[in-house]
Amino acid sequence: LLYTIKFELTVMAEKPEDLNLPMAVVTRITKEALPDGCMISKEARLALSKAASVFVLYATSCANTVAQKNKRKTLTAPDVFTAMEEMEFETFLDPLKDSLEAFRSEQNHIKERKAAKRREKDEKDAAEKAARLSPQDSSTLVTHELAQRVENGGTEDDEEVMAIDTDASVKESASTPSGPTTVSVPDDSDGPEE
């Protein structure tokens, strides 16, 4: 096993030091784990960094084996969970799953904020376009943009605004005359000739 890890180290990096965790990260984690006022020497931080690197490489190797057994090339979270069980680190599973859930929740929150900002920007841009156009053109433009947003997975609010805006457009078009206007011109054929 140790030979396998050393072989994988030489394949993945030119120097084994390239695979060590950054010392700043190791220092921060150890300071958070130790009680206040407890000091840690530089050699101890270096030893922790190397031990953590070996642990990560070993866990990755085990997870890769699990993925290969399932005929996949991509490591997934369940592969890591299975690897932790095989490595007899079951005590880490619950905190690891909690951390993964917190990470996913944070990522979803970030996506929602970006989507909200994008919607606000789209609405602002549509309002600016509408302000520059004539009233009838702006109504058509806003209706068109709302229709595109609804098609691209817009919210229920967009659909309600779309329905209201469409109703207003129908009423507006019904109140304005449409079609050709006919004008009658008197026929002068029966009148006096000059």
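Asker: Where do I start with helix α2 (residues 23–33) in this structure?
Answerer: The periodicity of an α-helix, 3.6 residues per turn, causes residues three or four positions apart to be oriented the same way. Those residues of α2 that fall on the buried side of the exposure criterion are V26, T27 and T30. Axial view of α2: buried residues confined to an arc of 100°, hence all on one face. Along α2, exposed side chains directed more than 90 degrees from the buried face belong to A24 and E32. Buried positions along α2 lie against α3 (42–69).

Asker: What exactly am I supposed to notice about the packing of aromatic side chains here?
Answerer: Per the stated rule, a full pass over the model turns up three aromatic pairs. For the ring pair F55 and F89, a centre distance of 5.2 Å and an interplane angle of 85° mean the geometry is edge-to-face. One end of the pair, F55, is in helix α3; the other, F89, is in the loop between α4 (77–86) and α5 (93–132), with 34 residues separating them in the sequence. Taking relative accessible area as the criterion, F55 reaches 28% and is therefore assigned partly exposed. Seen from their ring centres, F55 and F92 are 6.3 Å apart, and the 80° between their planes marks the pair as edge-to-face.

Asker: Mind showing me how you'd approach the environment of S49 here?
Answerer: Take S49: it is sitting in helix α3. By relative accessible area, S49 is classed as buried at 1%. A sequence separation of 23 residues divides S49 from V26, and the C-alpha atoms of the two residues are 6.2 Å apart. Excluding its chain neighbours within four sequence positions, the residues that come into contact with S49 are N20, L21, M23 and V26.

Asker: I keep staring at the side chain of S53 and nothing clicks. Help me out?
Answerer: Note on placement: S53 falls in helix α3. Excluding its chain neighbours within four sequence positions, the residues that come into contact with S53 are L19, N20 and L21.

Asker: I would appreciate a short explanation of α4 in the present structure.
Answerer: Buried within α4 are the following residues: D79, F81, A83 and M84. The elements touched by buried residues of α4 are α3 and α5. With its phi angle positive at about 65°, E88 sits one or two positions after the end of α4.

Asker: Where do I start with unusual backbone geometry in this structure?
Answerer: Excluding glycine, a negative phi dihedral is what most residues carry, and trans is how most peptide bonds are arranged. Positive phi values are uncommon outside glycine, yet K71 reaches one of about 60°. Relative to the assigned elements, K71 resides in the loop between α3 and α4. Despite not being glycine, E88 has its phi angle at roughly 65°, a positive value. Relative to the helices and strands, E88 resides in the loop between α4 and α5. Relative accessible area serves as the criterion here: at 65%, E88 is assigned to the exposed category.

About the thresholds
Residues numbered from 1 in each chain as written. Predicted model: local features only at pLDDT ≥ 70, side-chain atom pairs only at ≥ 80, totals over all residues. Heavy atoms only, no water. Buried < 20%, exposed > 50% of the residue type's maximum accessible area, 1.4 Å probe, protein only. Helix = DSSP H or I, 4+ residues; strand = E, 2+ residues; numbered from the N terminus. Arc of directions from axis to C-beta. Contact = heavy atoms within 4.5 Å. Phe/Tyr/Trp six-rings, centres within 6.5 Å; stacked < 30°, edge-to-face > 60°.

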